[in-house]
Amino acid sequence: MAELISREGNKVSFRVAVPAAEVNRAYDQVWAGLSRDVRVPGFRPGKAPRKVLESRVGKGYVENEVRDRLLQAHYPQAARELKLSLVDARIEPEPLSSGQPFTFTVKGETYPEVTLGDWRAAQLTATAPEITDEVLDRTLSDLQERNASFQTAERPIEATDQVTIEELGEEGGSYPVYLDVAEPHVRDALIGKNVGDEVEITVPAHQHGDHEHPEHTVRVRVQGVQTKQLQELNDEFAKSLNFESLDRLRSDLRSELERRARQEGDAARREEFVGQLVDGMQVEIPQALIDRRRESMLEEIQDDLGRQGVKWGEYESFMREQGKLEEFLADLAKNAESRVKRDLALERLAEDLGVQLSDAEFSGTMNALAQANGLTPQQLQSQLGPNGINAYYVSLTREKALQQALAGLGGQQTDTQQAGAEQDASEQGNTEQETSQPQAGEQAEEQRGE
């Protein structure tokens with residue numbers, strides 16, 4: 001049972017009392033899991049006494065697990081019961097004992113008051129690209145190119161050849177160069193040369209990643225020349241791609257292109273609508289809200305760099321030396337503000353439409369997400385934590401509101417766009433959790449075997 005204690009402006013405080021029966025049920029679930037998973041010498045699985053199990057996992061482990069289970073279940077539920085959309089929250093649990101009710105207090109901050117414009121009158125102009133015969137023919141040509149073969153040529157190098165070159169010098173090595181996609185300075189240096197010729201390639205000054213490379217010369221030897229052989233567009237070509245005929249290839253390819261075009265149109269309408277929603281809203285955004293989002297985004301970047309073996313301090317020093325640190329921080333702040341505005345607009349949209357997720361809907365989505373990540377639902381809940389679960393619920397509610405509004409304007413959501421929307425919601429859940437605590441040719445290949 002949730003009870004509102006106080007609400008002043010955006011600051012809110014509430015208390016949640018969990019009945020003793022539910023506390024006991026959580027204890028039983030944790031003990032059952034330990035009995036199943038912890039092996040104790042001298043006891044058959046599931047037969048070790050609780051005192052023995054506790055000595056194996058450490059004192060306090062059971063209480064911590066029970067407390068986490070109760071918070072994960074009852075904190076998001078209480079926020080929904082009180083109709084509170086929390087930006088940030090601090091949970092203060094009271095002592096936990098078996099057979100006794102469990103109480104905790106939440107102190108947090110809600111989103112600021114938002115007023116939307118007349119979004120129901122929005123006029124969306126974005127449309128799906130048209131799949132013309134020219135587009136289809138160009139895609140088929142791409143397929144020809146991707147499935148071309150190469151044969152040795154006894155002649156000077158031509159513009160569409162594949163050339164094997166050996167780079168001369170201490171760090172030399174052999175590798176192929178496809179001239180039809182090569183840089184102009186490489187293509188110009190090699191065309192007309194023969195096997196055995198040594199060639200100097202002048203590489204102009206350029207930037208690669210974070211490094212500036214001055215103009216320099218590379219000396220190479222031509223080791224081999226192969227000419228591209230395109231297959232004729234006929235039934236044999238279609239069969240090589242596991243299609244029964246060229247007509248079937250063209251038909252399936254057009255269907256795939258049209259499906260992706262619809263997705264592109266849906267995505268464009270979606271972004272156009274959200275843009276109009278944000279532009280038309282009125283709100284005073286607390287700077288602290290933007291700052292928290294910026295810090296969360298910075299932590300994500302630091303984590304990504306860490307996974308690549310790059311220390312943030314070193315990367316920060318490098319950007320400062322290059323004179324790019326201020327630009328980086330300005331872009332980060334701008335993106336943080338943009339994300340916050342988007343969240344606020346969608347949150348208000350969900351409130352205006354009275355959108356909610358049923359327990360069955362949310363449970364089903366959580367179970368699907370857990371399965372997709374190779375986790376049990378309980379493992380996923382533990383990873384997200386109470387604030388993360390609540391943030392994910394909020395994100396899904398916003399997404400449901402967005403789909404409902406688009407449907408009212410005549411927009412249609414494809415299955416693939418829905419998957420992308422769920423990803424957006426998941427990313428938003430991750431961000432809020434951290435803030436509060438925790439080419440064309442590809443289409444044909446996808447049709448193989450149909």
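Procedures and definitions
Residues numbered from 1 in each chain as written. Predicted model: local features only at pLDDT ≥ 70, side-chain atom pairs only at ≥ 80, totals over all residues. Heavy atoms only, no water. Helix = DSSP H or I, 4+ residues; strand = E, 2+ residues; numbered from the N terminus. Rg over C-alpha atoms; globule rule 2.2 N^0.38 Å. Buried < 20%, exposed > 50% of the residue type's maximum accessible area, 1.4 Å probe, protein only. Lys, Arg positive; Asp, Glu negative; His and termini not counted. Charge placed at Lys NZ, Arg CZ, Asp CG, Glu CD. Axes fitted to C-alpha atoms, helices over the stretch in contact; angles between N-to-C directions. Parallel < 35°, antiparallel > 145°, perpendicular 65-115°, else oblique. Left-handed = near helix turned anticlockwise from the far one by under 90°. Contact = heavy atoms within 4.5 Å. Nonpolar A, V, L, I, M, F, W, Y, C, P; charged D, E, K, R; others polar. Pairing = 2+ DSSP bridges. Salt bridge = Lys/Arg side-chain N within 4 Å of Asp/Glu carboxyl O. Expected span 1.5 Å × (residues − 1). UniProt positions renumbered as here; feature names shortened; annotations may be inferred. Core = buried A, V, L, I, M, F, W, Y, C linked by side-chain atoms within 4.5 Å.

### Overview of the overall build of the protein chain
Within the protein chain, the secondary structure is distributed over 14 helices and 13 strands. Computed over its C-alpha atoms, the radius of gyration of the protein chain comes to 30 Å, more than 25% above the 22 Å expected for a compact globule of 450 residues. If one aligns the C-alpha atoms of the protein chain with their principal axes, the spans along those axes are about 90 × 65 × 55 Å. Taken over 450 residues, the protein chain has a buried fraction of 38%. Taking the average location of the 51 positive side-chain charges in the protein chain and that of its 82 negative ones, the two points are 9 Å from each other.

### Details of the packing of helix α4 (residues 133-146) against helix α7 (residues 246-279)
Packing of α4 against α7 brings their axes to within 10 Å, and their N-to-C directions diverge by 110 degrees. In terms of axis orientation, α4 runs roughly perpendicular to α7. The chirality of how α4 crosses α7 is right-handed. Packed against α4, whose contacting residues are Asp133, Val135, Leu136, Asp137, Thr139, Leu140 and Leu143, the element α7 presents Leu249, Arg250, Leu253, Arg254 and Leu257 at the interface. When grouped by side-chain class, the residues that make up the contact of α4 with α7 number seven nonpolar, one polar and four charged.

### Structural notes on the pairing of strand β4 (residues 102-110)
Across the nine residues of β4, eight count as buried, placing the element largely inside the fold. Pairing between strand β2 (residues 11-18) and β4: eight bridges, direction antiparallel. Bridge assignment links Arg15 to a residue of β4, and that residue is Thr105. Examined bridge by bridge, strand β3 (residues 86-93) and β4 share seven bridges and lie antiparallel to one another. Across the sheet, residue Ala89 finds its bridge partner in β4, namely Gly108.

### Structural notes on the pattern of salt bridges
Scanning the entire structure with this criterion turns up 35 salt bridges. Across the pair Glu3 and Arg15 runs a salt bridge, and its minimum N-O distance is 3.8 Å. Here the residue Glu3 occupies a position in strand β1 (residues 2-8), and Arg15 occupies one in strand β2, the gap between them amounting to twelve residues. On the basis of relative accessible area, Glu3 is assigned to the partly exposed category, the value being 43%. With relative accessibility at 33%, the residue Arg15 sits in the partly exposed group. Between Asp161 and Arg155 there is a salt bridge, with its nearest N and O atoms 2.8 Å apart.

### Brief notes about the sheet that holds β3
An order of β1-β2-β4-β3 is seen for the four strands of this open sheet, with the pairing classed as antiparallel. Either end of the sheet is taken by a strand with one partner, and the two such strands are β1 and β3. Each strand axis lies, on average, 20 degrees off the axis of its neighbour in the sheet, ignoring direction. Across the face of the sheet, helix α3 (residues 61-81) comes into contact with β1, β2, β3 and β4 while running at roughly 50 degrees to β4.

### Observations concerning α3
The end-to-end C-alpha distance of α3, which contains 21 residues, comes to 30 Å, matching closely the 30 Å that a straight helix rising 1.5 Å per residue would cover. Among all positions in α3, only Val62, Val66, Leu70, Leu71, Gln72, His74, Tyr75, Pro76, Ala78 and Ala79 are buried. Of the surrounding secondary structure, the elements contacted by the buried residues of α3 are β1, β2, α1 (20-37), β3, β4 and α12 (377-408). Note on α3: the residue one or two positions beyond its end, Lys83, has a positive phi of about 55 degrees.

### Here we look at the UniProt feature "domain: Trigger factor C-terminal" (unreviewed entry) in the protein chain
The UniProt record annotates "domain: Trigger factor C-terminal" (unreviewed entry) at residues 245-403. Structurally, residues 245-403 is divided into 85% helix and 1% strand, and its ends, taken at the C-alpha atoms, are 39 Å apart.

### Quick notes on the packing of α1 against α3
Taken N-terminus to C-terminus, the directions of α1 and α3 make an angle of 125 degrees; their axes are 9 Å apart at the nearest point. One finds that α1 runs oblique with respect to α3. In the crossing of α1 with α3, the sense of the turn from one axis to the other is right-handed. Contacts between α1 and α3 involve Glu22, Val23, Ala26, Tyr27, Gln29, Val30, Trp31 and Leu34 from the first element and Tyr61, Val62, Glu63, Glu65, Val66, Arg69, Leu70 and His74 from the second. Looking at side-chain class alone, the contact of α1 with α3 contains ten nonpolar, two polar and four charged residues.

### What about the nonpolar core?
Judged by nonpolar contacts, the single largest core of 34 residues is most densely connected at Leu116, Trp119, Phe273, Leu277, Met281, Leu344 and Leu349. The element that contributes the greatest number of residues to this core is helix α10 (residues 325-353), accounting for ten residues. When sequence neighbours within four positions are dropped, the list of residues in contact with Leu116 reads Leu277, Gly280, Met281, Ala345, Arg348, Leu349 and Asp352. Of all hydrophobic cores here, the second largest spans 28 residues; its members include Ala26, Leu53, Val62 and Ala78.

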